[in-house]
Amino acid sequence: TVACAQPGVKVGDAATLPEAERIWNVEFSHFDQTWGKVVVYVWFAPDRQTQKFVRSLNQLHDRYHRAGCVVAAVSHRDEEQLERWVKRHRPRFAVVCEPSNISMGSYPFMQWPSAVLASPRGRVLWKGGGGRVPEAKLKAALKTAVTEGPGSPLRIVVGLPKAHRKAEAALERGELAK
């Protein structure tokens, strides 16, 4: 069990990005490059989470990756230990080495694994323990995710002050006249 005394990041706040020393299984090198995607961050301990953990995150990745979701398992363990874990369990989702543990420390989590669902604008939509993200919230967030390739819809992703939330939502729906 991990406890954090800080008040922490709340739902609606900007999500704290992991300070990745190394990332496996992805085409990006820093989480700034996930802007416009829905990101599921799961903080885990590789010595505790094994096949069941990998299976559930692989399923989440497989189901929602093409729709604009990035699944990222973040650990503060050293790179060598994570390298062995990745080779042994062969996850299809991103695995992040963050020895500083700064990102997890910014949330008041009380258990391993813990998770955060971040919007395409980088805002916390949900956070909780156990590594399970509510699929209804995930599906709703994916409606505003930027997808790439032929035939992808044009989406406007903006970050306006809280006073302009209605205008921001209208822009994201493509209602430019409002």
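Below is a summary of the structure that appears in this document. Everything numeric in this text was worked out from a predicted model, so none of it was measured.

Definitions and cut-offs
- Residues numbered from 1 in each chain as written.
- Predicted model: local features only at pLDDT ≥ 70, side-chain atom pairs only at ≥ 80, totals over all residues.
- Heavy atoms only, no water.
- Buried < 20%, exposed > 50% of the residue type's maximum accessible area, 1.4 Å probe, protein only.
- Helix = DSSP H or I, 4+ residues; strand = E, 2+ residues; numbered from the N terminus.
- Pairing = 2+ DSSP bridges.
- Right-handed = clockwise from strand over helix to strand, strands pointing away.
- Axes fitted to C-alpha atoms, helices over the stretch in contact; angles between N-to-C directions.
- Contact = heavy atoms within 4.5 Å.
- Arc of directions from axis to C-beta.
- Polar contact = N/O pair within 3.5 Å; in protein donor to acceptor, adjacent residues only side chain to side chain.

**Considering the pairing of strand β4 (residues 94-97)**
Here β4 shows two buried faces, one formed by Ala94 and Val96 and the other by Val95 and Cys97. With four bridges connecting them, strand β3 (residues 69-75) and β4 associate as parallel partners. Pairing of alanine 73 across the sheet is with valine 95, part of β4. Between β3 and its parallel partner β4, the chain crosses via helix α2 (residues 79-89), and the hand of that crossover is right-handed.

**Description of the sheet that holds β4**
Judged by pairing direction, the sheet is mixed, and its six strands sit side by side in the order β1-β4-β3-β2-β5-β6 without closing on themselves. Only two strands of the sheet have a single neighbouring strand rather than two, namely β1 (22-24) and β6 (124-129). Taken over all neighbouring pairs, the strand axes of this sheet differ in orientation by 20° on average, direction set aside. Seen against the sheet, helix α1 (residues 51-64) touches β2 (38-43) and β3 and runs at an angle of roughly 155° to β3.

**Observations regarding α2**
By the burial criterion, the buried members of α2 are Leu82, Trp85, Val86 and His89. The buried residues of α2 occupy one face: seen down the axis, they fall within an arc of 100°. Set apart from the buried face of α2 by more than 90 degrees, the exposed residues are Glu80, Arg84, Lys87 and Arg88. Its side-chain oxygen 3.1 Å from the backbone nitrogen of glutamate 80, aspartate 78 forms the N-cap of α2. After α2 finishes, the residue arginine 90 shows a positive phi value of roughly 50°.

**Overview of the side chain of arginine 77**
Positionally, arginine 77 belongs in the loop between β3 and α2. For arginine 77, the side chain forms a polar contact with the side chain of histidine 76, separated by 2.7 Å.

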